[in-house]
Structures are given as C-alpha cells and as structure tokens.
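A closer look at the structure
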Amino acid sequence: MFRFADPNCLYLLLLLPVLAVVHFYSNYRRRKAICRFGDEELMTALMPQVSQYRPEVKFWLLFAAVGLFAILLARPQFGSKLETVKREGVEVIIAMDISNSMLAQDVQPNRLQKAKRLVSQLVDKMTNDKIGLVVFAGGAYTQLPITSDYVSAKMFLESISPSLIAEQGTDIGGAISLAVRSFTPQEGVGRTIIVITDGEDHEGGLEEALKAAKEKGIQVNVLGVGTPDGAPIPADDGSYRRDRSGNVVVTRLDENMCQEIAKAGEGIYVRVDNTSSAQKAVSKEIAKLDKAEVETQVYTDFNEQFQAVAWIVLLLLVAELLLLEKKNPLFGNFRLFEEWKRGPVKKQGERSEVEA
C-alpha cells in the first residue's frame, strides 16, 4: 500500500502553475523588450554567446525540483507488512440517493455535493469503525463493500454521480434492503444505516425493508438534503428539466417521509444545511452504538521512500547549477580551431599557386 505520511505538504504543488505562468510572462516581456531595439533575428546575431534554449532547460529543471521537493516533504511510504488486528468499533453503511433530483441547488453547491462532503467528514471522524457505500436511484447498488479502508471509501465517494445508475427514480426501500444484506455476519456489533436523500420515494417496498432492519437490530438514520420550498433540476444543456407538459420540474425535500423512515428505523432525522450540525448529530448517534471487536487487515510497517526522491531533487539542482545560460565558450573556441586547421577560405575567382 502506498501513502503519504504528511499529505498536506502536497498543497505546495499548487506553486507549480504559478511558477509556470510567471515564467511564460517573463519570457513574453523579454522578447517584447528585445523587439524595441530591433529585429529579433538581428539581435540574436548580435548576441552570439546568448543561448535561446539553456534558460528554458534551467527553468524546467528547477520546476521539476520544486515539484519533487513537495512530494519529498509529504514523505511517500510503501506498506510492507499486512496484519489482521482487532479493534472495537461499529459498522456503518451509507445509502446515498444519486437520482437527478440530487443535483438541485437549494443547498450549495448542490444536494449531491453537499451530501458527499458530509460523508467525507463522517469518515474523517472514524477510527476503528467499518463503513460501506450503497448508491440508489431507480435501483440500488453496492458502491463499496463494508471495509475499514477509509482511503478507498473517500476515493469511491468522490466518483459518485447520477450517471452511475441509468434507471431514474428513488428506491429508498431497495437501498435499505441492500444495506441490511451488506453487513458482516459478526455477532454483537452495533450497526446503522444512514440514508441520505431528498425523500421522494417512488418505488415502494419501504415498510418491508424497515421491518427487516428492525428485526436484525439495525438502526436507520435519515439525513434530508434540500429544502421544502424546493428547486429546479439542472439539465445537461444548462437549462432545467421539464415534464411532458413543458413545465419546469421542481423537486422538494419531503421531510414528512424522512421523519417517518427515521421513526420506523428507531433512528434520528436531521435536515442537512450549510452547517456541520447534521454531521455532528449523526456522529453522536454512531457513538451510542454498541462496540465490538472488529477484525480488519491493516499495514503496520511503512518504509520511507523519500530518500530516492531526495537524490533526484539533488541531481536536478546540481544540473541546473552547472548549466550556464550562455553558450559554452569552449565549444566556440573548438569551432575556431577547426576552421584554422582547414585553412583560409578562398574568395570567388582566386586561384592557388598550383593552379596558376
């Protein structure tokens, strides 16, 4: 397994596009200044020792060194030992609505992006728990089987979009039913399903799914995304989706349904807004669940790989330092010596003594 011990240092890579813009702008200003004095080709001939390409090579060597230095500071590591460890935790499955209505922008930036950020915050708070992802629209599908690999969970979370499911709708019952079947068979561990939706269920089968969850002691919490006033659903062409009569479709958060689901699932309902209140409320509910020993495989030993990166950075800096911006005079002297060995160049019409 590959990881960075201090991934925050990778933000230094944001300096690279800034450096590139400054470099191209300075080149533009330099060429513009040269053109004020005369033709660019003429000025180049008047400065035979000035190289056009060496400054570029020096810059890109330094550019690569800065990028690799940011990676060096982040301390790249490879996992070398996989062990099965026991930790006390609970099992959580997120059932996320990814129907087109989740693209409505009554919650900024839109319902789906807000839901993804909330789940990401939940994952950041987890230490020993297991998490799984189920996505649903007109049908329900497992996006990530239950795992303790939080890095993978956040990676799969980022890839979620309405395009994952062609069949549109909101099958909350199917999502809960699939989530119930997705938990591990381990006994005594607290389990919860967190349904994130705008509450517009169109498929049915919800009562049966909630009954199955209750029989297995699985709590169902609901996070409602959106507002009761609703908002239009953006279309791919920048307009809004319309019904068969040509009217703009407005999707509204059905809080009554969300509250009924949470009540039947013996959980809580929280409306997601632009604060962190929903995440805190759900984290508090997760903390109340019974914890049990959960077996998981983790990498326990990591080998530092920054040494190799450091050597590459050093070589790049040395190369940048040794490379002169001007042409090497030794090559110019060598060219003059070669011309002297060939002898003077005869002018047109001039004959040698032998020819005479």
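Rules used throughout
- Here the residue numbers are simple positions, counted from 1 along each chain's written sequence.
- Selection of residues for local features in this predicted model requires a pLDDT of at least 70, selection of side-chain atom pairs for listing and counting requires 80 or more, and totals for whole chains, interfaces and linings are taken over all residues.
- Side-chain measures here rest on the full set of heavy atoms in the structure, leaving out hydrogens and waters.
- Scored from 0 to 100, pLDDT records how confident the predictor is in each individual residue.
- Any two residues whose heavy atoms approach within 4.5 Å at even a single point are treated as in contact.
- Residue types Ala, Val, Leu, Ile, Met, Phe, Trp, Tyr and Cys, when buried and joined through side-chain atoms within 4.5 Å, form a set referred to as a nonpolar core.
- Throughout this description, buried means an accessible area under 20% of the type-specific maximum (1.4 Å probe, protein chains only), exposed means over 50%, and partly exposed covers the range between.
- Counting from the N terminus, the helices are the DSSP runs of H or I reaching at least four residues and the strands are the DSSP runs of E reaching at least two.
- By definition, the arc is the one covered by directions from the helix axis to the C-beta atoms.
- The term salt bridge refers to a side-chain nitrogen of Lys or Arg lying within 4 Å of a carboxyl oxygen of Asp or Glu.
- Each aromatic pair joins two rings of Phe, Tyr and Trp (for Trp, the six-membered one) with centres within 6.5 Å, and gets the label stacked for planes under 30 degrees apart, edge-to-face for over 60, and tilted for any other angle.
- Strands were regarded as paired on the criterion that DSSP finds at least two bridges between them.
- Here, axes are lines fitted to C-alpha atoms. For helices the fit covers the stretch in contact, and angles between N-to-C directions go from 0 to 180 degrees.
- Oblique is the label for any angle not under 35 degrees, not over 145, and not in the 65 to 115 range, which are roughly parallel, roughly antiparallel and roughly perpendicular in turn.
- Here is the rule for handedness: rotate from the far helix to the near one, and if that takes an anticlockwise turn smaller than a right angle the crossing is left-handed, while a clockwise turn gives right-handed.
- The nonpolar class holds Ala, Val, Leu, Ile, Met, Phe, Trp, Tyr, Cys and Pro. Asp, Glu, Lys and Arg form the charged class, and all remaining residues, Gly among them, are polar.

Considerations on the confidence of the model for the protein
Looking at the protein as a whole, the pLDDT averages 83, with 80% of positions reaching at least 70. Contacts of residues 330-337 to residues separated by more than four positions or lying in other chains number zero contacts, the stretch itself having pLDDT below 50. Low pLDDT, under 50, characterises residues 352-356; the predicted model gives this stretch one contact beyond four residues in sequence or across chains.

A closer look at the nonpolar core
Among the nonpolar cores identified, the biggest contains 33 residues, and Ile94, Met96, Val119, Ile194, Ile196 and Leu223 are the most heavily contacted of them. Going through the elements one at a time, strand E3 (91-97), helix H4 (111-125), strand E4 (130-136), helix H5 (150-158), strand E6 (191-197), strand E7 (219-225), strand E10 (269-272) and helix H9 (277-288) are the ones with two or more residues in this core. Examining the composition of this core, we find that six residues originate from one element, H4, more than from any other. Not counting residues up to four positions away in its chain, the partners in contact with Val119 are Ile94, Met96, Leu133, Leu157 and Ile196. Among the nonpolar cores identified, the runner-up in size contains 26 residues, and Ile93, Ile172, Phe183 and Leu253 belong to it.

Some details on unusual backbone geometry
Backbone torsion omega between Gln108 and Pro109 reads -5°, so that peptide bond is classified as cis. The phi angle at Arg75 is positive, at roughly 55°, despite the residue not being glycine. Note on placement: Arg75 falls in the loop between helix H3 (54-73) and strand E2 (76-89). Look at Arg75 and you get partly exposed, because its relative accessible area is 37%. Positive phi, normally seen in glycine, also occurs at Glu266, with a value near 55°. Position of Glu266 relative to the elements: it lies in the loop between helix H8 (255-264) and E10. Using a relative accessible area of 53% as the deciding quantity, one classes Glu266 as exposed.

Here's the deal with H8
The complete set of buried residues in H8 reads Glu255, Cys258, Ile261 and Ala262. The buried residues of H8 occupy one face: seen down the axis, they fall within an arc of 125°. When the buried face of H8 is taken as reference, the exposed residues oriented beyond 90 degrees from it are Asn256, Glu260 and Lys263. Check the buried side of H8 and you find it contacts helix H6 (172-182), E6, helix H7 (206-215), E7 and E10. At the C-terminal side of H8, Glu266 shows a positive phi close to 55°.

Section: the pattern of salt bridges
According to the stated counting rule, one finds eight salt bridges in the structure shown. Between Lys58 and Glu320 there is a salt bridge; the shortest N-O distance is 3.2 Å. Here Lys58, found in helix H3, pairs with Glu320, found in helix H10 (residues 306-322); they are 262 residues apart in sequence, far enough to count as distant. The exposure classification of Lys58 matches that of Glu320, with both residues buried. Residues Lys154 and Asp124 are paired through a salt bridge, measuring 2.8 Å at the closest nitrogen-oxygen approach.

Looking at the packing of aromatic side chains
The final tally for this structure, using the stated rule, is five aromatic pairs. Taking 6.5 Å as the distance between ring centres and 35° as the angle between the ring planes, the aromatic pair formed by Tyr25 and Tyr28 counts as tilted. In this pair, Tyr25 and Tyr28 are both assigned in helix H1 (residues 15-37), three residues apart and thus about one turn of the helix distant. A relative accessible area of 48% places Tyr25 in the partly exposed class. Here Tyr28 falls in the partly exposed class, since its relative accessible area comes to 42%.

Quick notes on the sheet that holds strand E5 (residues 140-147)
Within a beta sheet, neighbouring strands are joined by backbone hydrogen bonds and run either parallel or antiparallel to one another. Ordered in space as E5-E4-E3-E6-E7-E10, the six strands form an open sheet in which the pairing is mixed. One side of each edge strand has no neighbouring strand; the edge strands of this open sheet are E5 and E10. The sheet shows a mean angle of 20° between the axes of neighbouring strands, direction not considered. Bridge analysis of E7 against E10 gives four bridges, and the strand direction is parallel. Each bridged residue has a counterpart across the sheet, and for Val225 the counterpart in E10 is Val272. Along the sheet face, H4 touches E3, E4, E6, E7 and E10 and points at about 170° away from the line of E3.

Quick notes on the environment of Lys114
With respect to the helices, strands and loops of the structure, Lys114 is situated in helix H4. For Lys114 and Val225, which are 111 residues apart along the polypeptide, the C-alpha to C-alpha distance reads 8.0 Å.

Details of the packing of H4 against H9
Where H4 contacts H9, the axes come no closer than 10 Å and their chain directions differ by 40°. In terms of orientation, H4 lies oblique with respect to H9. The way H4 lies across H9 gives a crossing that is right-handed. Taken together, the residues of H9 that come into contact with H4 (itself represented by Leu118, Gln121, Leu122 and Lys125) are Ala278, Gln279, Val282 and Ser283. Here the contact of H4 with H9 is composed, by residue class, of four nonpolar, three polar and one charged.

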